[in-house]
Amino acid sequence: MFFDSDLLMSALRALTPILLAALGGALCERAGVFNIGLEGMMLMGCFTAVTTSWFTGSPWLGVLAAALASAAYSLILAVGAVTLRGDAVVLGIAMNLLAVGLTGFLLRTIFGVQGTFDDPSLAGLPLIGGFSPLAYLAWAAVGVTALLLSRHVWGLRLRGVGEAPGAAATLGVSPTRYKYAAVLVSGVLCGLAGAQLALGNVTLFSENMTAGRGWIAVVAVMLGRALPLGVLLAALLFGLAEAAGFRLQGLGMPQQATDAAPYVVTLVALFLSTAQRRRRNARTRMTTSTTGVTS
């Protein structure tokens, strides 16, 4: 059978890095910062997690270091887009490109290898019920984020900063502080996503090993409308696509075709979402014009 419990388990493992990064992107989106630097932050988390785990022998120190390193890396976006009011899209693309070059350079400098670092002494994350603890953390983070944005004063202020920063400032809320906080939290979550990818899903580091997962996380934010539950469903869709690709590869399909499965699903989902949004906007304009004529 093609669809079975093993496929579901594989999909749940595949969605974890995407979900963690997408939750960080959703927080930035709610704060009014469009973060497309998720790919670069994840890649920095991957490299830092593997490097720290290899030198210390502790995967948990690798996870901690990955979260801190990605948070520090996210300051590029925070300072550039919030303080200096630069273009967040340009900054995000630059961060993604910088991360690819920087991790590749450090891989050759620290480990003396090119392409992939894979050592038997590298400690990976333990598995509980087939999943790493970071997977359970990701699922719990969905509920926590949903409650935070809907019930907690911090989340309500964050949404206010994203929707009307001028009005929030008149009420004594600092838009800069909340935007910085959202970007830093997204950095932490992307670092955890990178640690899960490098020490949970596999136990190695290879150049550009995120392979577009950060971009898929950006799409998940868009499809889920920056809502935690919507982001979860979008991440699950992409996780199923990745797992199905691996299953098809095992059945004899070319690797190039199966590797493209998540990205094909991404394009189709974006197309359908855009078409639905245009139809909705057209209906709204039609209703507004009809109401105006009636009045």
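Residues numbered from 1 in each chain as written. Predicted model: local features only at pLDDT ≥ 70, side-chain atom pairs only at ≥ 80, totals over all residues. Heavy atoms only, no water.

### A look at the overall build of the protein chain
Summing up its helical and strand segments, the protein chain has 12 helices and 2 strands in all. Reading the protein chain from its N end, one meets helices and strands in the order α-α-α-α-β-α-α-α-α-β-α-α-α-α. Radius of gyration (C-alpha) of the protein chain: 20 Å, near the 19 Å computed for a compact globule of 295 residues. If one aligns the C-alpha atoms of the protein chain with their principal axes, the spans along those axes are about 75 × 50 × 35 Å. Pairs at least 24 residues apart make up 77% of the contacts formed inside the protein chain by residues separated by at least 6 positions. Surface accessibility of the protein chain: about 14,100 Å² in total, with carbon and sulfur atoms responsible for 67%. Charge separation in the protein chain, taken as the distance between the mean sites of 18 positive and 11 negative side-chain charges, equals 18 Å. (Helix = DSSP H or I, 4+ residues; strand = E, 2+ residues; numbered from the N terminus. Rg over C-alpha atoms; globule rule 2.2 N^0.38 Å. Contact = heavy atoms within 4.5 Å. Areas by Shrake-Rupley, 256 points an atom, 1.4 Å probe, with all protein chains shown as cover. Lys, Arg positive; Asp, Glu negative; His and termini not counted. Charge placed at Lys NZ, Arg CZ, Asp CG, Glu CD.)

### Observations regarding unusual backbone geometry
The backbone phi angle of Arg 85 is positive, close to 60 degrees, even though this residue is not glycine. Topologically, Arg 85 is positioned in the loop between helix H3 (59–83) and helix H4 (88–111). If you check the backbone angles, Arg 225 has positive phi at about 55 degrees while not being a glycine. Within the secondary structure layout, Arg 225 lies in the loop between helix H9 (213–223) and helix H10 (228–250).

### Some thoughts on H9
Helical periodicity: at 3.6 residues per turn, an α-helix aligns residues three or four positions apart in one direction. Burial analysis of H9 places 8 of its 11 residues in the buried class, the great majority of the element. Restricting attention to buried positions, one finds in H9 the residues Arg 213, Gly 214, Ile 216, Ala 217, Val 218, Val 219, Ala 220 and Val 221. (Buried < 20%, exposed > 50% of the residue type's maximum accessible area, 1.4 Å probe, protein only.)

### Here's the deal with the pattern of salt bridges
Going through the model one piece at a time under the given rule, you end up with 2 salt bridges. Across the pair Arg 108 and Glu 207 runs a salt bridge whose closest N-O atoms are separated by 3.6 Å. Linking Arg 108 in helix H4 with Glu 207 in the loop between strand S2 (205–206) and H9, this pair joins segments that are 99 residues apart in sequence. Arg 108 sits in the partly exposed class, given a relative accessible area of 37%. Residue class for Glu 207 comes out partly exposed when judged on its relative accessible area of 32%. Where Glu 242 meets Arg 213, a salt bridge forms, and the shortest distance between an N and an O atom there is 2.9 Å. On the criterion of sequence distance, the pair formed by Glu 242 in helix H10 and Arg 213 in helix H9 is long-range, its members being 29 residues apart. For the pair formed by Glu 242 and Arg 213, the shared burial category is buried. (Salt bridge = Lys/Arg side-chain N within 4 Å of Asp/Glu carboxyl O.)

### Considerations on the environment of Trp 215
Inspection of the secondary structure puts Trp 215 in helix H9. In this structure, the C-alpha to C-alpha distance between Trp 215 and Ala 49, residues 166 residues apart in sequence, is 20 Å. With residues up to four places along the chain from it excluded, the contact list for Trp 215 reads Ile 36, Glu 39, Ile 93 and Asn 96.

### Brief notes about the environment of Gln 249
Topologically, Gln 249 is positioned in helix H10. Sequence separation between Gln 249 and Ala 71 is 178 residues; the distance between their C-alpha atoms is 36 Å.

### Brief notes about the packing of aromatic side chains
Within this structure, the stated rule accounts for 11 aromatic pairs. Consider the rings of Phe 131 and Trp 139, whose centres lie 5.3 Å apart with planes at 75 degrees: the pair is edge-to-face. Taking relative accessible area as the criterion, Trp 139 reaches 29% and is therefore assigned partly exposed. Centroid distance Trp 154 to Tyr 178: 5.7 Å. Interplanar angle 35 degrees. Geometry classified as tilted. Residue Trp 154 is located in helix H6 (residues 153–163), and its partner Tyr 178 is located in helix H8 (residues 175–201); the two are separated by 24 residues in the primary sequence. Ring pairs connect the aromatic residues Phe 47, Trp 54, Phe 55, Phe 111, Phe 117 and Phe 205, which therefore count as one cluster. (Phe/Tyr/Trp six-rings, centres within 6.5 Å; stacked < 30°, edge-to-face > 60°.)

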